[in-house]
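Below are the chains, spelled out letter by letter.
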Amino acid sequence: MSGNTSQLKVGDKTVDMAIKEGSVGPAVIDIAKLYAQTGMFTYDPGFTSTASCESQITYIDGDAGVLLYRGYPIEQLAEHGDFLETCYLLLYGELPTAAQKADFDYRITRHTMVHEQMARFFQGFRRDAHPMAVMVGSIGAMSAFYHDSTDISDPQQRMIASMRMIAKVPTLAAMAYKYTVGQPFVYPLNSLDYTSNFLRMCFAVPAEEYKVNPVLSRALDRIFILHADHEQNASTSTVRLAGSSGANPFACIAAGTACLWGPAHGGANEAALKMLEEIGTVDNIPKFIAKAKDKNDPFRLMGFGHRVYKNYDPRAKIMQKTTHEVLNELGIKDDPLLDVAIELERIALSDEYFIEKKLYPNIDFYSGITLKAMGFPTSMFTVLFAVARTVGWIAQWKEMIEDPSQKIGRPRQLYTGSPKRDYTPIGRR
Ligand code: SDX
């Protein structure tokens, strides 16, 4: 998009740089030629002021607490659609017609089984392996099984790899869970919808009939919608960087899964629940608020704060509503963890420190309570995040691969190490 220019004075030089406007949100200053014109780099660890790409997939207005997938507000998609509709929207840019939705559901449903030899692949893990370790390994291992969809220059193979990952990652996630609890793997059942199928693969046992609870399935499907994509977050940026080298799609999504695992990112849902359990009761809250505010204490309120949202994360609001829905459906009248979470939020949001730093609950604050109530162990929370985010990673990877201007990502640095010096033989050190 055209726009005016900005000027930068560097020593006795004045450098003109184009300003590019988006459709909504902040404009960007195109600094691509800065090094060639000035011999200098920009410096922005953590990329707090750096746009790494142009994208049309997800838009976040952090000050207003707005999240749009292809222009549609997250609240409306979560209310009216299902997760596979959101997958279609993120991948193709438009909401599907009834026929397109039926075809997409059919194609995904018929890719849910994994190569039978992958079951043996799992046997190599220790039973007490963290399910995210299993996911990083098994998603990466998909490139050892699906060679016919690893040629990224072939649109047909890119599409098949995309379908396979959206369809098979839930199966691998359920297998990762079953493996850690020592129960037999449960095959997908094509007669079930995507999320009901996932719940059954996780919780069904051969010894008895498993009946999917439609309220829980709808709630988890909505949770998947909330987690599906989020612009250029750390794991998505990892997928884009891995993809920029031409790595196969399964390897790129495995890289994103590895990055998501960190407690500052997707691992925060697991960390937030552990924090709520550590706080234990409402009267312990002030002690933890003080720790979070203490500059000398590395403790942070997990599930609080966000690089982009300086207002309430819109997903957290929907998450909180879903938590109440699930607890009611399960007849859990008073969940001490929820009491702690609600009181912690109330106290934090009225505390000067959190107000001044614009720290609000993010998507990870309430999700753990809901997932625990549904029967998932804490170690599976980030796995569920990865199941949902797989489509976002793929949509972003697809957009990058199809961008004719894309090139390998290769940031520079500010070097503060030793200048050139000669080797000293060991006898003279
Ligand atoms: C996700 O990027 C995405 O979009 C991610 C995500 C997605 O959908 O992909 O939304 C998913 O990762 C959500 C975030 C989950 N992480 C957590 O809940 C972990 C706890 N939160 C923080 O670690 C932190 O808020 C981050 C990592 C989320 C954001 O960190 P930033 O943007 O680098 O902010 P910062 O660390 O510079 O903090 C700014 C200030 C600091 O104080 P000062 O040094 O300026 O005095 O706020 C403080 C921080 O100490 N602060 C907190 C805090 N978060 C920030 N203090 C107490 N508790 C917290 N949670």
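Being a predicted model, the structure only gives us computed values, none of them experimental.

Enquirer: Help me understand the overall build of the protein chain, please; the structure alone is not making it clear to me.
Expert: A tally of helices and strands in the protein chain yields 18 helices and 6 strands. Its C-alpha radius of gyration of 23 Å places the protein chain within 12% of the 22 Å reference for a compact globule of 429 residues. Based on the C-alpha atoms only, the size of the protein chain along its principal axes is roughly 80 × 65 × 55 Å. Out of the 429 residues belonging to the protein chain, those deemed buried represent 47%. Taking the contacts inside the protein chain whose residues are at least 6 apart along the sequence as the reference set, 70% of them involve residues at least 24 apart.

Enquirer: Hey, could you run me through the pattern of salt bridges in this one?
Expert: When the charged atoms of two side chains with opposite charge come close together, those side chains can pair. Counted under the stated rule, the structure contains 16 salt bridges. Between Asp105 and Lys101 there is a salt bridge, and its shortest N-O distance comes to 2.8 Å. Here the residue Asp105 and the residue Lys101 both occupy positions in helix 4 (residues 98-109), the gap between them amounting to 4 residues, near one helical turn. Residue classification places Lys101 among the buried positions, given a relative accessible area of 14%. As a salt-bridge pair, Asp103 and Arg107 come within 3.2 Å of each other at their nearest N and O atoms. In this pair, Asp103 and Arg107 are both assigned in helix 4, 4 residues apart and thus about one turn of the helix distant. By relative accessible area, which is 24% here, Arg107 ends up partly exposed.

Enquirer: Mind showing me how you'd approach the site of the ligand here?
Expert: Taken together, 24 residues form the shell around the ligand, and within it His230, Lys295, His306, Arg307 and Arg315 come nearest. Within the backbone of Ala264, an N or O atom sits 2.9 Å from a nitrogen atom of the ligand. Looking at the shell around the ligand, its residues break down into 10 nonpolar, 7 polar and 7 charged.

Enquirer: Would you mind going over the UniProt feature "active site" (unreviewed entry) in the protein chain with me for this structure?
Expert: With numbering aligned to this structure, UniProt lists the feature "active site" (unreviewed entry) at His306 and Asp364. Taken along the chain, the residues just named run across 59 residues; in space they keep tight, none of their C-alpha pairs more than 10.5 Å apart. Turning to its location among the elements, Asp364 is positioned in helix 17 (residues 364-374). Given the relative accessible area of 5%, Asp364 is considered buried. Not counting chain neighbours up to four residues away, the residues in contact with Asp364 comprise His265, Gly266, Ala268, Asn269, Ala272, Gly303 and Phe385.

Enquirer: How should I be thinking about the sheet that holds strand 1 (residues 5-10) in this particular structure?
Expert: Pairing between the strands of a sheet is mediated by backbone hydrogen bonds and can be parallel or antiparallel. If you walk across this open sheet you meet the 3 strands as 1-2-3, and the pairing is antiparallel. One side of each edge strand has no neighbouring strand; the edge strands of this open sheet are strand 1 and strand 3 (28-29). Of the strand pairs in this sheet, strand 1 and strand 2 (residues 13-20) are connected by 6 bridges, and their pairing is antiparallel. What sits directly across from Val10, in strand 2, is Lys13.

Enquirer: Looking at this structure, how should I read the packing of aromatic side chains?
Expert: To describe a pair of aromatic rings, one takes the distance between the centres and the angle between the planes. Enumeration over the complete set of coordinates arrives at 21 aromatic pairs. Arranged with centres 5.4 Å apart and planes meeting at 70°, the rings of Phe122 and Phe185 form a pair that is edge-to-face. Within this pair, whereas Phe122 is found in helix 5 (residues 116-122), its partner Phe185 is found in the loop between helix 7 (155-181) and helix 8 (194-203), the two being separated by 63 residues in sequence. Accessibility expressed as a relative area gives 0% for Phe122, which makes it buried.

Enquirer: In this structure, what is going on with the state of the cysteines? I would like to understand it.
Expert: Defined simply, a disulfide is a covalent bond joining two cysteines at their sulfur atoms. Across all of its chains, the model carries 0 disulfides by this definition. There is no disulfide at Cys259, and the cysteine sulfur nearest it, in Cys252, is 13 Å away. By relative accessible area, which is 25% here, Cys259 ends up partly exposed.

Enquirer: Teacher, can you tell me more about the environment of Gly243 here?
Expert: With respect to the helices and strands, the residue Gly243 is situated in helix 10 (residues 234-244). Here Gly243 falls in the buried class, since its relative accessible area comes to 1%. It is 9.0 Å that separates the C-alpha atoms of Gly243 and Gly409, two residues lying 166 residues apart in sequence.

Enquirer: Explain the nonpolar core to me, please; I cannot follow it from the model alone.
Expert: A general tendency of soluble globular proteins is for nonpolar side chains to be buried together. Formed by 119 residues in total, the largest nonpolar core has its most connected members in Phe83, Leu301 and Phe376. It is helix 18 (residues 381-401) that provides the largest number of residues to this core, a total of 14 residues. What Leu301 contacts, discounting residues up to four positions off in sequence, is Met275, Phe288, Ile289, Ala292, Leu344, Ala348 and Phe354.

Enquirer: What exactly am I supposed to notice about helix 11 (residues 249-260) here?
Expert: Helical geometry: 3.6 residues make up each α-helical turn, so side chains three or four residues apart lie on a common side. For helix 11, which comprises 12 residues, the first-to-last C-alpha distance of 16 Å matches the rise-based estimate of 16 Å (1.5 Å per residue) to within 8%. Taken residue by residue, helix 11 has Pro249, Phe250, Cys252, Ile253, Ala254, Gly256, Thr257 and Leu260 as its buried positions. As for helix 11, its buried residues are in contact with helix 6 (131-141), helix 7, helix 10 and helix 18. Two or three places before Phe250, at the opening of helix 11, Asn248 has a side-chain oxygen 2.9 Å from that residue's backbone nitrogen.

Each value, and the rule that gives it
- Residues numbered from 1 in each chain as written.
- Predicted model: local features only at pLDDT ≥ 70, side-chain atom pairs only at ≥ 80, totals over all residues.
- Heavy atoms only, no water.
- Helix = DSSP H or I, 4+ residues; strand = E, 2+ residues; numbered from the N terminus.
- Rg over C-alpha atoms; globule rule 2.2 N^0.38 Å.
- Buried < 20%, exposed > 50% of the residue type's maximum accessible area, 1.4 Å probe, protein only.
- Contact = heavy atoms within 4.5 Å.
- Salt bridge = Lys/Arg side-chain N within 4 Å of Asp/Glu carboxyl O.
- Near = heavy atom within 4 Å.
- Polar contact = N/O pair within 3.5 Å; in protein donor to acceptor, adjacent residues only side chain to side chain.
- Nonpolar A, V, L, I, M, F, W, Y, C, P; charged D, E, K, R; others polar.
- UniProt positions renumbered as here; feature names shortened; annotations may be inferred.
- Pairing = 2+ DSSP bridges.
- Phe/Tyr/Trp six-rings, centres within 6.5 Å; stacked < 30°, edge-to-face > 60°.
- Disulfide = S-S within 2.5 Å.
- Core = buried A, V, L, I, M, F, W, Y, C linked by side-chain atoms within 4.5 Å.
- Expected span 1.5 Å × (residues − 1).

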